Amino acid sequence: MSTTQNQPSTAQGEFDVSVSLPPGIKLPLYMDNHATTPMDPRVLEAMLPYFTDKFGNAASRNHSFGWEAEQAVDTAREQIARLIGATAKEIIFTSGATESNNLAIKGIAEMYRERGNHIITQVTEHKAVLDTCKRVEKQGCRVTYLPVKADGLIDIEDLKRAIDDKTILVTIMFANNEIGVLQPIAEIGKLCHERGVLFHTDAVQAVGKVPVDVNAMNIDVLSLTAHKLYGPKGVGALYVRRRNPRVQIAPQIDGGGHERGMRSGTLNVPGIVGLGKACEIAREEMHEEAKRLTALRDRLKEKLESNLDFVHINGSMEHHLPGNLNMSFVHVEGESLLMGINDVAVSSGSACTSATLEPSYVLKALGLGDDVAHSSIRFGLGRFNTQAEVDYVADKVIDVVRKLRELSPLYEMAKEGIDLTKVQWQAH
Amino acid sequence: MAYSEKVIDHYKNPRNVGQMDKASTEVGTGLVGAPECGDVMRLQIKVNPATRVIEDAKFKTFGCGSAIASSSLATEWVKGKTVDEALEIKNTDIVKELSLPPVKIHCSVLAEDAIRAAIGDWKKKNVAVEHSMATAGAAN
């Protein structure tokens, strides 16, 4: 790496603090891999021919251009299926996980209406699941939203009690996008299987990060997307079980009957090739990558915890994605912290950073006070983050948190031993 | 989010950070906002009892960059003003000075509230003084 890339940032909005820029650090620095991931160059390389020379329509049956495209799609189907322990025929291509979640929930609600109308989900799902559940509620479904415990996990006993004779579907995410906790998927799958209820999981954050096996875990339907695992945006897939049981899904997009009639529309061949390649790389490298990212994540956590007081880890660390760390820096407001580390891309659960001016509903579901939610930062480590970057980010965060705490009346009061919950605040 | 240069300047170099003796009769303290709303401001003023001029001001703020900048600016503006002049400061002046976007207007409102609360606290402590001054004035 050339030295010219290591000049200190001149970006505005950061404190003039003396964290020197170590070698190997290029700003701005990306550490928000739950939002999206940069594409792996090997994925791009695999995709490129399908934009130009190999441009055929995979549905063209009469010439080599079509066959070539179909062959590429078939290979991708194999690559995806292998990563999750499925068979190629069980993979339906979509435009991404939002569509996959919509197709799964609406398609099952519609197809199984005669059997029942009850769906079970939980409160920290992604909006692509929650909003879809709200939609089917308007169309006559009954939806149970299970709570989560303080560690972010559902209580399997709650799920047992919620299933009744009208229940057709349980939809519970594999890994949470904010706090990185892994739900007890195998237990949920086993229970659903025993009770004859279909089990869908939004596995967007998990696929390629932790082992996923649709048979061992009794998953019937699974959503995934390419851009969370170093592939391109705009392409995803839905796994739909073909045996034990054979799952049927009513199409939500009508057209040429592509994808076994479940999802019409000309296939996005370059995107699908990219998704396939991303899955292949993940399958080969996941084990090593998970070890490396867990070590980096723990290093970040240790540094922050040992240098700052009043920090709070959000979500179970025992059942956790390798690259995720969600931490609250109590008495510091999240947006002001992001402003101080503005050459580092991370996310905050602070209301000030959201369009709705509400703090994260995920953190609130853990029972955290709004003030702790306002103070939260999500670090998302990924394939291309290095130890030098982790050290840089840790130093920077420590410095900015300390500076902001000098400004914080809440920190001063807490240090004086005042119980902030007993103060008569003037809410506004 | 794009911050104005003035917001960034106040955030990077906040003016008048600190605290004064809450118990002093010359000091008025305003604590406004709530942790669960994401912003709390504490603004303090030190008033010369004879001239009613705000001779010093200090603040501490928990909140976003715009909240920090609004309260930092408020301390700058109240200094040197009499309490009555300071009450003339409007949140819209702060919005204008800092070029706050619509979603950040509440930060300026909170800063105005903080000024009023600090002055209110000072006045409450100095009721006796005010009263005696008023009667002295009437006697003249």
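This one's a predicted model, so the numbers in the text were calculated from it and none came from an experiment. (Residues numbered from 1 in each chain as written. Chains lettered and ligands numbered in written order. Predicted model: local features only at pLDDT ≥ 70, side-chain atom pairs only at ≥ 80, totals over all residues.)

Asks: Is there a simple way to explain the overall build of chain B in this structure?
Replies: The secondary structure content of chain B amounts to six helices and three strands. Starting at the N terminus and ending at the C terminus, chain B contains elements arranged as α-β-β-β-α-α-α-α-α. Taking 2.2 N^0.38 as the reference for a compact globule, 140 residues should give roughly 14 Å; the C-alpha atoms of chain B span a radius of gyration of 16 Å, in line with that estimate. Overall, chain B is about 60 × 25 × 25 Å in size when its C-alpha atoms are taken along their principal axes. Counting all 140 residues of chain B, 44% fall into the buried class. For chain B, the share of sequence-separated contacts (at least 6 apart) that also reach a separation of at least 24 residues comes to 64%. (Helix = DSSP H or I, 4+ residues; strand = E, 2+ residues; numbered from the N terminus. Rg over C-alpha atoms; globule rule 2.2 N^0.38 Å. Buried ≥ 20, exposed ≤ 12 C-beta atoms within 10 Å, placed from the backbone. Contact = placed C-beta atoms within 7 Å.)

Asks: Is there a simple way to explain helix H7 (residues 269–307) of chain A in this structure?
Replies: One turn of the α-helix equals 3.6 residues, which is why residues spaced by three or four share an orientation. Under the 1.5 Å per step criterion, the end-to-end length of H7(A) is only 49 Å for 39 residues, more than 12% shorter than the ideal 57 Å. In the structure, H7(A) departs most strongly from a straight axis at Glu285(A), where the bend amounts to approximately 65°. (Expected span 1.5 Å × (residues − 1). Bend = angle between axes of the 7 residues up to and from the residue.)

Asks: What is the right way to look at the nonpolar core in this model?
Replies: Looking at soluble globular proteins, one finds that nonpolar side chains tend to be buried together. Counting 158 residues, the largest nonpolar core has Tyr239(A) and Ala114(B) as the members making the most contacts within it. Of all the elements, H7(A) adds the most residues to this core, at 13 residues. Two domains share this core, each providing at least three of its residues, namely domain 1 (3–39 + 286–422) and domain 2 (42–282) of chain A. Among all residues touching Tyr239(A), those that are not within four sequence positions of it are Ile84(A), Ala86(A), Glu90(A), Ile91(A), Val214(A), Val221(A) and Leu222(A). (Core = buried A, V, L, I, M, F, W, Y, C linked by C-beta atoms within 7 Å. Domains from an automatic or database assignment.)

Asks: When you look at the sheet that holds strand S2 (residues 39–47) of chain B in this model, what are you seeing that I'm missing?
Replies: Within a sheet, neighbouring strands are paired by backbone hydrogen bonds and run either parallel or antiparallel to one another. Residues and elements named next belong to chain B. Reading across the sheet, the three strands line up as S1-S2-S3 and stay open at both edges, with antiparallel pairing between neighbours. The sheet is open, and its two edges are formed by strand S1 (27–34) and strand S3 (54–62), each paired on a single side. Going across the sheet, the axis of each strand differs from the next one's by a mean of 10°, ignoring polarity. With eight bridges joining them, S1 and S2 adopt antiparallel strand pairing. By the bridge assignment, Val 27 is partnered in S2 with Lys 46. (Pairing = 2+ DSSP bridges. Axes fitted to C-alpha atoms, helices over the stretch in contact; angles between N-to-C directions.)

Asks: Would you explain the sheet that holds strand S5 (residues 167–171) of chain A in this entry?
Replies: Residues and elements named next belong to chain A. Taken together, the seven strands give an open sheet; going across it, the order is S2-S8-S7-S6-S5-S3-S4, and neighbouring strands pair in mixed fashion. Looking at the sheet topology across the chains shown, the edges are occupied by strand S2 (91–94) and strand S4 (142–146). Averaged over all neighbouring strand pairs, the angle between strand axes comes to 20°, with direction disregarded.

Asks: Would you mind showing me how to read the pairing of strand S6 (residues 198–202) of chain A here?
Replies: The side chains of a regular strand alternate, first on one face of the sheet and then on the other. All names here are of chain A. Counting buried positions along S6 yields five of five residues, so the element is predominantly enclosed. The alternating pattern of S6 places Leu 198, His 200 and Asp 202 on one face and Phe 199 and Thr 201 on the opposite face, and all of these are buried. Where S5 lies against S6, three bridges are found, and the strand directions are parallel. The residue of S6 that forms the bridge with Val 170 is Phe 199. With respect to chirality, the unit in which S5 leads through helix H6 (residues 185–195) into the neighbouring parallel S6 is right-handed. Pairing of S6 with strand S7 (residues 221–225), which is carried by three bridges, proceeds in the parallel orientation. Bridge pairing links Asp 202 to Ser 223 in S7. (Right-handed = clockwise from strand over helix to strand, strands pointing away.)

Asks: What is the right way to read the packing of helix H2 (residues 65–78) of chain B against helix H5 (residues 105–125) of chain B from this model?
Replies: Any two packed helices are characterised by the angle at which their axes cross and by the distance between the axes. All names here are of chain B. The interhelical angle for the contact between H2 and H5, taken along N-to-C directions, is 40°, at an axis separation of 9 Å. Between H2 and H5 lies a crossing whose hand is right-handed. Seen from H2, the contacting residues are Ser 66, Ala 67, Ser 70, Ser 71, Ala 74 and Val 78; seen from H5, they are Cys 107, Ser 108, Leu 110, Ala 111, Ala 114 and Ile 115. (Left-handed = near helix turned anticlockwise from the far one by under 90°.)

Asks: Explain unusual backbone geometry to me, please; I cannot follow it from the model alone.
Replies: Apart from glycine, the bulk of residues carry a negative phi angle, and the bulk of peptide bonds sit in the trans form. With an omega of -5°, the peptide bond between Leu27(A) and Pro28(A) qualifies as cis. Along the chain, Pro28(A) falls in the segment before strand S1 (29–30). Of note in the backbone geometry, Arg52(B) takes a positive phi value of approximately 60° without being a glycine. You can see Arg52(B) is positioned in the loop between S2 and S3. Non-glycine residue Ser99(B) carries a positive phi angle of around 50°. Mapping Ser99(B) onto the fold places it in the loop between helix H4 (91–98) and H5. On the basis of neighbour count, Ser99(B) is assigned to the partly exposed category, with 14 C-beta atoms found within 10 Å.

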